[in-house]
Amino acid sequence: MAPSLFDQLWLARNVILSGLGLTVSISLLAILAGSVLGVFVGLSLTYGNRWLRLVVRVYTDIIRGTPVLVLVLASYYVSSAVGVNLDPFSAGVLALAVFCSSHVGEIVRGGLQAIPKGQTEAAKAIGLTFGQTFAYVLWPQALRQFLPAWVNTAAEMVKASTLLSVIGVAELLLRTQEIISRNFMSLQFYFFAGALYFVVNYGIERFGKYVERKTAVPS
Amino acid sequence: MYISNTGNRMNTSFHTGGILAASVFLLLSTSAYSEAASKLDDVLARGHLVLGTGSTNAPWHFKSVDDKLQGFDVDMGRIVAKALFGDPDKIEYVIQSSDARIPNITTDKVDMTCQFMTVTGERAQQVAFAIPYYREGVGLMLKGDSQYADFAALKAAGSAVTVSVLQNVYAEDMVHAALPEAKVDQYDSVDLIYQALESGRSDAVATDQSSLAWYMAQNPDRYKDAGYGWNPQTYACAVKRGDQDWLNFVNTALHEAMTGVEFDFYAKSYKTWFGKDLPPPQIGFPVEFK
């Protein structure tokens with residue numbers, strides 16, 4: 001008896017969909033939280049005073065220099081050792097968000113620092129406050145600078161979400177492995193999962209392109 | 001490697017936390033709890049067992065088509081839950097990878113882990129093992145149309161043979177105990193070692209005979225057993241160290257499933273996952289002392 005792939009896919013449809021749903025929610029939560037946190041990291045790195053810069057720099061460098069898997073495991077086990085006891089889902093999202101924040105922070109810093117200093121000085125010269133300078137001069141330009149890199153990081157987060165399977169979060173990869181352990185059709189189902197990951201990441205890429213178009217300087 | 005490090009770090013910091021928690025508990029405890037509480041009391045009060053196991057290895061712990069966790073490991077947990085609550089379904093499952101088995105016990109993420117865990121001296125220093133529920137051995141599986149007829153042919157071929165095996169610290173030595181010259185390829189999960197055989201990356205799969213038996217039963221006539229078994233290992237559930245009361249309870253539940261009132265439960269599970277009928281324990285003089 002050779003079970004057909006389509007029969008097996010149809011049998012597993014709910015399991016795959018629930019895994020995909022979890023993967024998408026993990027990624028969205030991590031990207032959102034990581035981006036918000038990351039913007040603060042980037043601002044601190046660019047405009048913070050010496051001590052704030054030092055603290056945030058140490059945070060960014062440690063997080064960026066640590067494998068995501070290590071962060072995921074640390075977040076799961078350390079939390080329980082200090083008595084917070086996060087469930088696997090929250091621990092995983094926390095780890096991904098923290099990782100995302102360090103990358104977004106660097107991207108934001110790069111985008112802001114790429115703007116020639118003369119613009120800030122010119123803004124000051126015409127009497128803009130720092131808040132106004134930031135909102136009307138620096139941020140719109142930095143946004144265009146860092147959008148492509150941000151899309152890249154977002155796609156990385158989707159891929160990093162697979163690491164949550166190690167702490168037992170039933171996201172798409174673990175769901176796929178569960179199905180394979182039943183029907184042993186590893187090539188087919190891994191390929192299918194790969195295609196789903198591609199679809200998600202392609203969606204993110206298209207969304208990024210859309211935002212880039214919307215924010216582009218009209219020519 | 002990393003995980004065992006975390007586990008150790010966790011142990012120390014956890015002990016500190018444990019002492020803290022214990023002091024708080026002592027401060028808060030009224031006369032109602034004069035003795036140190038066992039996990040057994042916690043579990044009974046909670047109303048369900050928290051069982052750590054995997055979800056990706058048939059026939060030990062895997063998901064049915066309708067997404068229910070099942071398998072021999074899962075049934076061992078169900079035996080304990082039945083002993084606790086009279087209901088084998090009162091279980092909350094914590095899905096964990098094999099690497100997470102010991103850390104999840106030492107950090108109290110689970111009450112008990114049943115996940116085809118081989119009993120070793122090193123592990124017994126970190127967790128407390130219950131009595132064995134299965135004796136595993138390694139076998140070799142070949143493709144039905146393999147150029148090698150049996151174990152003797154594999155051995156004669158020497159280093160021309162590649163064996164795919166589940167990743168483990170002692171995987172290499174394990175294969176070499178039977179085939180000293182064979183090349184060993186280690187893979188992350190069971191389906192991948194079969195995939196390696198199927199795609200010709202390996203000539204034979206070396207893994208637990210139970211898994212091979214299950215796989216061959218699922219794919220009749222496509223594979224053959226090389227007809228050699230070695231490397232006995234004991235599978236046992238594990239609990240946290242230092243709670244004899246809880247360990248005794250788990251032992252009693254499993255023991256009575258293999259020799260006493262719950263024998264039918266165990267035998268039915270054994271038949272389902274390994275395809276063999278067990279003779280009932282001899283009545284009269286206890287089998288344990290034969």
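Everything below is about the structure shown above.
Okay, so let's go over this structure. (Residues numbered from 1 in each chain as written. Chains lettered and ligands numbered in written order. Predicted model: local features only at pLDDT ≥ 70, side-chain atom pairs only at ≥ 80, totals over all residues. Heavy atoms only, no water.)

### Section: the interface of chain B and chain A
Using the following cut-off: Contact between two residues is taken to exist if any of their heavy atoms lie within 4.5 Å; hydrogens are not considered. Two parts lose some accessible area (1.4 Å probe) when they are put together, and adding that loss for both gives the buried area. A side-chain nitrogen of Lys or Arg and a carboxyl oxygen of Asp or Glu constitute a salt bridge if their distance falls within 4 Å. The term polar contact refers here to a pair of N or O atoms within 3.5 Å; inside protein, the definition further demands a hydrogen-donor-capable atom paired with an acceptor-capable atom, and it admits residues adjacent in sequence only when both atoms are side-chain atoms. Starting at the N terminus, helices and strands are each numbered in turn, a helix being any DSSP run of H or I of at least four residues and a strand any DSSP run of E of at least two. Each residue receives one of three labels: charged for Asp, Glu, Lys and Arg, nonpolar for Ala, Val, Leu, Ile, Met, Phe, Trp, Tyr, Cys and Pro, and polar for the others, Gly being one of them.
Listed per partner, the contact involves 30 residues of chain B and 28 residues of chain A. Buried surface at the junction of chain B and chain A, summed over both partners, amounts to about 2,400 Å²; 59% is from carbon and sulfur atoms. The salt bridge partner of Arg175 of chain A is Asp67 of chain B, with a shortest N-O separation of 2.8 Å. Linking chain B with chain A are nine residue pairs in polar contact (both at pLDDT 80 or more). For the side of chain B that touches chain A, the element with the most residues is helix H1 (residues 2-28) of chain B, which contributes five residues. Taken together, the residues of the side of chain B that touches chain A break down into 14 nonpolar, twelve polar and four charged.

### Observations regarding the state of the cysteines
Residue and element names in this part refer to chain B. Condition: When two cysteine sulfur atoms lie within 2.5 Å, the pair is treated as a disulfide.
The full count for this structure, using the stated rule, is one disulfide over all chains. A sulfur-sulfur distance of 2.1 Å marks the disulfide that ties Cys114 to Cys237. Measuring the twist about the S-S bond at about 110 degrees, one finds the Cys114-Cys237 disulfide to be right-handed. Linking Cys114 in the loop between strand E6 (112-113) and helix H5 (121-126) with Cys237 in strand E11 (residues 223-239), this pair joins segments that are 123 residues apart in sequence.

### Comments concerning the sheet that holds strand E3 (residues 61-63) of chain B
By definition, the strands of a sheet pair up through backbone hydrogen bonds, in either a parallel or an antiparallel sense. All names here are of chain B. Note the threshold: Here, a strand pair is defined by DSSP locating no fewer than two bridges between the strands.
With respect to topology, three strands assemble into an open sheet ordered E2-E3-E4, the strand pairing being antiparallel. Only two strands of the sheet have a single partner each, and these edge strands are strand E2 (56-57) and strand E4 (69-70). Where E3 meets E4, two bridges bridge the pair, whose relative direction is antiparallel. When the bridges of E4 are listed, Phe62 appears paired with Gln70.

### Quick word on helix H3 (residues 50-64) of chain A
Residues and elements named next belong to chain A. This is how the line gets drawn: Each helix should span, by expectation, one fewer than its residue count multiplied by 1.5 Å. When a residue's accessible area, from a 1.4 Å probe over protein chains only, is under 20% of the maximum for its type it is buried; when over 50% it is exposed; and in between it is partly exposed. In this description, the arc belongs to the directions extending from the helix axis to the C-beta atoms.
Relative to the 21 Å expected for 15 residues at 1.5 Å per residue, H3 spans 21 Å between its end C-alpha atoms, a close match to the ideal helical length. Looking only at H3, the buried set comprises Val56, Thr60 and Ile63. Angularly, the buried residues of H3 cover 70 degrees about the axis, an arc narrow enough to put them on a single face. Seen from the open side of H3, the exposed residues pointing more than 90 degrees away from its buried face are Arg50, Trp51, Val55 and Ile62. For H3, the N-terminal cap is Asn49; the gap from its side-chain oxygen to the backbone nitrogen of Trp51 is 3.1 Å.

### Topic: the pattern of salt bridges
A complete count under the given rule lists 21 salt bridges over all chains for this structure. Linking Arg64 of chain A and Glu106 of chain A is a salt bridge whose minimum nitrogen-to-oxygen distance equals 3.9 Å. Taken as a pair, Arg64 of chain A in helix H3 and Glu106 of chain A in helix H5 (residues 88-113) lie far apart in primary sequence, 42 residues in all. Its relative accessible area of 37% is what places Arg64 of chain A among the partly exposed residues. With a shortest N-O distance of 3.1 Å, Glu262 of chain B and Lys82 of chain B are connected by a salt bridge. Taken together, the residues Glu262 of chain B in the loop between helix H10 (244-259) and helix H11 (263-274) and Lys82 of chain B in helix H3 (residues 72-85) connect sequence positions 180 residues apart. Taking the relative accessible area as the measure of exposure, Glu262 of chain B reaches 24% and is therefore partly exposed. Under the relative-accessibility criterion, Lys82 of chain B is labelled partly exposed at 29%.

### Thoughts on the pairing of strand E8 (residues 162-166) of chain B
Taken residue by residue, a regular strand's side chains alternate between the two faces of the sheet. All names here are of chain B. Quick reminder of the rule: Looking down the strands as they point away from the viewer, one classifies a crossover as right-handed if the path from the first strand across the helix to the second runs clockwise.
Where burial is concerned, most of E8 is hidden: four out of the five residues are buried. Across five bridges, the pairing between E8 and strand E9 (residues 183-187) is parallel. Bridged to Thr162 within E9 is Lys183. Read as a crossover between parallel neighbours, the route from E8 over helix H7 (residues 171-178) to E9 is right-handed. Pairing of E8 with strand E10 (residues 204-208) involves three bridges; the strand directions are parallel. The partner of Val163 across the bridge, within E10, is Ala204.

### Here we look at unusual backbone geometry
In this structure, Pro59 of chain B follows Ala58 of chain B across a cis peptide bond, with omega equal to -5 degrees. Looking at the element boundaries, Pro59 of chain B is found in the loop between E2 and E3. Within the chain, Asn85 of chain A stands out as a residue other than glycine whose phi angle is a positive 50 degrees. Tracing the backbone shows Asn85 of chain A in the loop between helix H4 (68-81) and H5. With relative accessibility at 48%, the residue Asn85 of chain A sits in the partly exposed group. One non-glycine residue, Phe116 of chain B, lies in the positive phi region at around 25 degrees. Mapped onto the secondary structure, Phe116 of chain B falls in the loop between E6 and H5.

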